[in-house]
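# A closer look at the structure
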Amino acid sequence: MEYTYVIIGGGITGVTCAETLSQQLHDIEEAGNEQILLITGSPLVKAVTCWKQVSRTLEDFQVEEKHATWIEQLYPNVKVINTSILELDVNKFELYTVDGNRYKYKKLCIATGASPKLIAKNNPLVLGIRDTETVKTFQKKLSGARRIIVVGNGGIATELVHMIEGCEVIWAVKHNSISHTFLDAGAAQFMIEHVNARKHKVDTNQPSKRLKYGLDEPSERDNSSNVQKTTSTALGPDWHSGLEWYFS
């Protein structure tokens, strides 16, 4: 099978790339029937919705998890397949998937995201949090813990420090202020006073403004097939809701 464009990754970047390409090809008469293939390791993809330009430098949008068929319904020249890449031959412009298929392409976009840079690899006491699977592993390891160290100063680290209760949390950052990615030094100084404040109990049963999907457990047929288990989906908005964060 041959496609003009192949995109690997069903996250925000991969889906946005497929949408933008489809829209631009639609406006080009010479584009003809050029097809786009989006390869995702999960039956769910992440899409940007309700986008609006607030100011010249500020944008507002929401991130929603949608079934992969959603993008095919909106863009007829986009094909989505749920599989994993086995081999990539950049000289022949071909890629091979675990289900035995071969795909030829003219242009390739790899949008699989980053991997956490761990302090110590293969150490059972060091865990990098990137996706939903590592969050579940983190929760299991936290059970009975009396002290943890959170290394990082981004959004996930900030939310972890705020959510975890029942054990001592040491927050190690390399910047001069917390939440350096999102807050300036003045706002961070204001927020640091509330880090150790008593947290109000949040009702996680309240309805969310965003749609959330879950994945069914694989069936026996899926387990016996030639489908390789891939990294689960990256963390999105409200990733911590519905999870237990009090440990004692």
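Residue positions are given per chain, counting from 1 as you read along its sequence in written order. Reporting in this predicted model follows two pLDDT cut-offs: at least 70 for local features of residues, and 80 or more for side-chain atom pairs to be given and counted; totals over whole chains, interfaces and linings ignore these cut-offs and use all residues. Water and hydrogen atoms were dropped before computing side-chain values, which therefore reflect all heavy atoms in the structure.

Throughout this description, the term nonpolar core refers to a set of buried Ala, Val, Leu, Ile, Met, Phe, Trp, Tyr and Cys residues connected via side-chain atoms within 4.5 Å. When accessible area is computed with a 1.4 Å probe and restricted to protein chains, residues below 20% of their type maximum are described as buried, those above 50% as exposed, and intermediate ones as partly exposed. Ranked by size, the top nonpolar core spans 16 residues in total, and within it Val15, Ile36 and Ile71 carry the most contacts. Think of it this way: any DSSP run of H or I at least four residues long counts as a helix, any run of E at least two long counts as a strand, and we number them from the N terminus. Of all the secondary-structure elements, those providing two or more residues to this core are β1 (2-8), α1 (12-27), β2 (36-40), β3 (44-53), α2 (69-74) and β5 (78-82). For this core, the element with the highest residue contribution is α1, accounting for four residues. Not counting residues within four places of it along the chain, the set of residues in contact with Val15 comprises Gly9, Gly10, Leu38, Val45, Lys46, Ala47, Trp70 and Ile71. The contact rule is simple, with two residues in contact once any of their heavy atoms fall within 4.5 Å.

What follows concerns the sheet that holds β1. Taking strand neighbours across the sheet as the criterion, the six strands line up as β5-β2-β1-β8-β7-β6 in an open arrangement whose pairing is mixed. For this open sheet the edge positions go to β5 and β6 (85-89), each flanked by a neighbour on one side alone. In this sheet, adjacent strand axes meet at a mean angle of 40 degrees when their direction is disregarded. Whether two strands pair depends on DSSP finding at least two bridges between them. For helices, the axis comes from a line fit to the C-alpha atoms of the stretch in contact; other axes are also lines fit to C-alpha atoms, and the angle between any two N-to-C directions lies between 0 and 180 degrees.

What follows is about helix α4 (residues 155-163). Taken as a whole, α4 has its buried residues at Ala157, Leu160 and Val161. Burial along α4 is one-sided: seen end-on, the buried residues are contained in an arc of 95 degrees. For α4, the elements touching its buried residues are α3 (132-142), β9 (147-151) and β10 (168-172). Note: the arc covers the axis-to-C-beta directions of the helix.

Now for the confidence of the model for the protein chain. The predictor reports its confidence for every residue as pLDDT, a score running from 0 up to 100. Looking at the protein chain, pLDDT values average 79 and 77% of them are 70 or higher. Residue range residues 219-229 is modelled with pLDDT below 50. Its contacts to residues more than four positions away, or to other chains, number seven contacts.

Here a Phe, Tyr or Trp ring, Trp counted by its six-membered ring, pairs with any other such ring whose centre lies within 6.5 Å, and the pair is stacked when the planes are under 30 degrees apart, edge-to-face when over 60, and tilted otherwise. Taken as a whole and judged by the stated rule, the model has two aromatic pairs. Ring geometry for Phe93 versus Tyr105: centroids 5.8 Å apart, planes at 70 degrees, classification edge-to-face. Remark: Tyr105 occurs in strand β8 (residues 102-110) and Phe93 occurs in the loop between β6 and β7 (94-97); sequence separation between them is twelve residues. The exposure class of Phe93 is partly exposed, given its relative accessible area of 41%.

This part takes up unusual backbone geometry. Residues other than glycine seldom take positive phi values, yet Cys50 does so here, at roughly 55 degrees. With respect to the helices and strands, Cys50 occurs in strand β3. With a relative accessible area of 53%, Cys50 lands in the exposed category. With phi around 60 degrees, Asn122 is a residue other than glycine that occupies positive phi space. Here Asn122 is to be found in the loop between β8 and α3. Take Asn122: its relative accessible area is 81%, and that puts it in the exposed class.

We call a pair of cysteine sulfur atoms a disulfide when they lie within 2.5 Å. Taken as a whole and assessed by the stated rule, the structure comprises zero disulfides. The structure places no disulfide on Cys109, whose sulfur is separated from the nearest cysteine sulfur, that of Cys17, by 4.0 Å. Taking relative accessible area as the criterion, Cys109 reaches 23% and is therefore assigned partly exposed.

Quick look at a nonpolar patch on the surface now. Note that patches include only residues with greater than 30% relative accessible area and no salt bridge, and the join distances are 9 Å for like charges and 5 Å for nonpolar side chains (Val, Leu, Ile, Met, Phe, Trp, Tyr). All accessible areas in this document rest on Shrake-Rupley with a 1.4 Å probe, and a residue is counted as covered only by the protein chains that are shown. By convention in these notes, a salt bridge is any Lys or Arg side-chain nitrogen within 4 Å of a carboxyl oxygen on Asp or Glu. Together, Ile119, Ile149, Val151 and Ile170 make up a nonpolar patch on the protein surface, roughly 400 Å² of accessible area in all. Residue classification places Val151 among the exposed residues on the basis of a relative accessible area of 54%.

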